[in-house]
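Fold and geometry: a report
Each chain, written out:
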Amino acid sequence: DAKTTQPTSMDCAEGRAANLPCNHSTISGNEYVYWYRQIHSQGPQYIIHGLKNNETNEMASLIITEDRKSSTLILPHATLRDTAVYYCIVRVANNDYKLSFGAGTTVTVRA
Amino acid sequence: DAGVIQSPRHEVTEMGQEVTLRCKPISGHNSLFWYRQTMMRGLELLIYFNNNVPIDDSGMPEDRFSAKMPNASFSTLKIQPSEPRDSAVYFCASRPGQGNTGELFFGEGSRLTVL
């Protein structure tokens with residue numbers, strides 16, 4: 001399984017963009033990058049995923065570098081409700097059901 | 001639409017007692033997962049069902065743990081006998097069929113405390 005490396009924590013100002021980095025230098029060509037978040041006392045919530053192209057949805061944007069060794073999740077206008085632990089996960093190609101959650105990045109949005 | 005529903009939300013029990021956690025997946029989803037979350041080990045996959053059949057139970061810690069899925073709308077995770085080290089938040093998640101989306105829908109979790 002490809003491993004991911006994320007900063008332990010980061011702060012962000014409310015209303016500003018939050019850029020969450022993730023390194024996955026050993027990613028294989030057919031492995032996807034997934035992002036989930038977990039707000040305190042809730043279950044994890046899917047945010048977005050991608051293979052090689054940049055992706056955008058109503059929650060966030062995902063920018064994947066051309067060599068696919070790293071990616072950035074962008075929350076365009078962070079709110080206090082975006083305070084959560086954010087997990088960057090690389091999906092094991094041959095075991096499509098396994099999502100291995102690491103320690104994630106604790107993001108604190110401050111007013 | 002109702003999400004994944006878990007019960008109980010909180011359970012406090014004494015060591016040696018049997019604990020049963022319940023999960024109702026989202027209607028139409030045919031994959032179901034049980035995860036456990038602790039401070040020390042984070043989120044761990046315990047077992048995965050597809051079409052009510054257990055596919056991978058390699059994450060189940062030991063024989064004290066068992067999981068069943070008698071039908072598409074119900075699953076249980078049982079611990080017998082329970083031990084203090086089983087204290088954790090147990091999450092159930094479901095997914096709509098196989099494929100490459102990988103998006104899991106999680107319930108709110110069941111917080112178990114074993115005294």
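Here goes a summary of the coordinates provided.

How each quantity is defined
Residues numbered from 1 in each chain as written. Chains lettered and ligands numbered in written order. Predicted model: local features only at pLDDT ≥ 70, side-chain atom pairs only at ≥ 80, totals over all residues. Heavy atoms only, no water. Contact = heavy atoms within 4.5 Å. Buried area = accessible area lost by both parts, 1.4 Å probe. Salt bridge = Lys/Arg side-chain N within 4 Å of Asp/Glu carboxyl O. Polar contact = N/O pair within 3.5 Å; in protein donor to acceptor, adjacent residues only side chain to side chain. Helix = DSSP H or I, 4+ residues; strand = E, 2+ residues; numbered from the N terminus. Nonpolar A, V, L, I, M, F, W, Y, C, P; charged D, E, K, R; others polar. Pairing = 2+ DSSP bridges. Axes fitted to C-alpha atoms, helices over the stretch in contact; angles between N-to-C directions.

**Things to note about the interface of chain B and chain A**
Facing the 21 residues of chain B at the interface are 17 residues of chain A. In total, about 1600 Å² of surface goes out of reach between chain B and chain A, with carbon and sulfur atoms giving 49% of it. Our enumeration of links across chain B and chain A arrives at zero salt bridges. For the pair chain B and chain A, the interface holds two residue pairs in polar contact (both at pLDDT 80 or more). Sorting the residues of the side of chain B that touches chain A by element identifies β4 (31–38), β5 (42–50) and β9 (88–95) of chain B as the ones contributing at least two each. Residue composition of the side of chain B that touches chain A, grouped by class: eight nonpolar, eight polar and five charged.

**Notes on the sheet that holds strand β5 (residues 55–56) of chain A**
Residues and elements named next belong to chain A. Sheet architecture is open: four strands sit in the order β2-β7-β6-β5, paired in antiparallel fashion. With partners counted over all chains shown, the strands left at the sheet margins are β2 (18–23) and β5, one partner each. Bridge analysis of β2 against strand β7 (residues 70–75) gives six bridges, and the strand direction is antiparallel. Counted as the bridge partner of Ala18 is Leu75 from β7.

**Brief notes about the sheet that holds strand β7 (residues 65–71) of chain B**
Across a sheet, strands are paired by hydrogen bonds formed along the backbone, either parallel or antiparallel in direction. All names here are of chain B. Taken together, four strands build an open sheet; the order of strands is β1-β3-β8-β7 and the sheet is antiparallel. A single partner strand is all that each edge strand has here, and the edge strands are β1 (5–7) and β7. Averaged over neighbouring strand pairs, the angle between their axes works out to 15° when direction is ignored. In this sheet, strand β8 (residues 74–79) lies alongside β7 in antiparallel orientation, the contact comprising five bridges. Bridging from a neighbouring strand, Ala67 pairs with Leu77 of β8.

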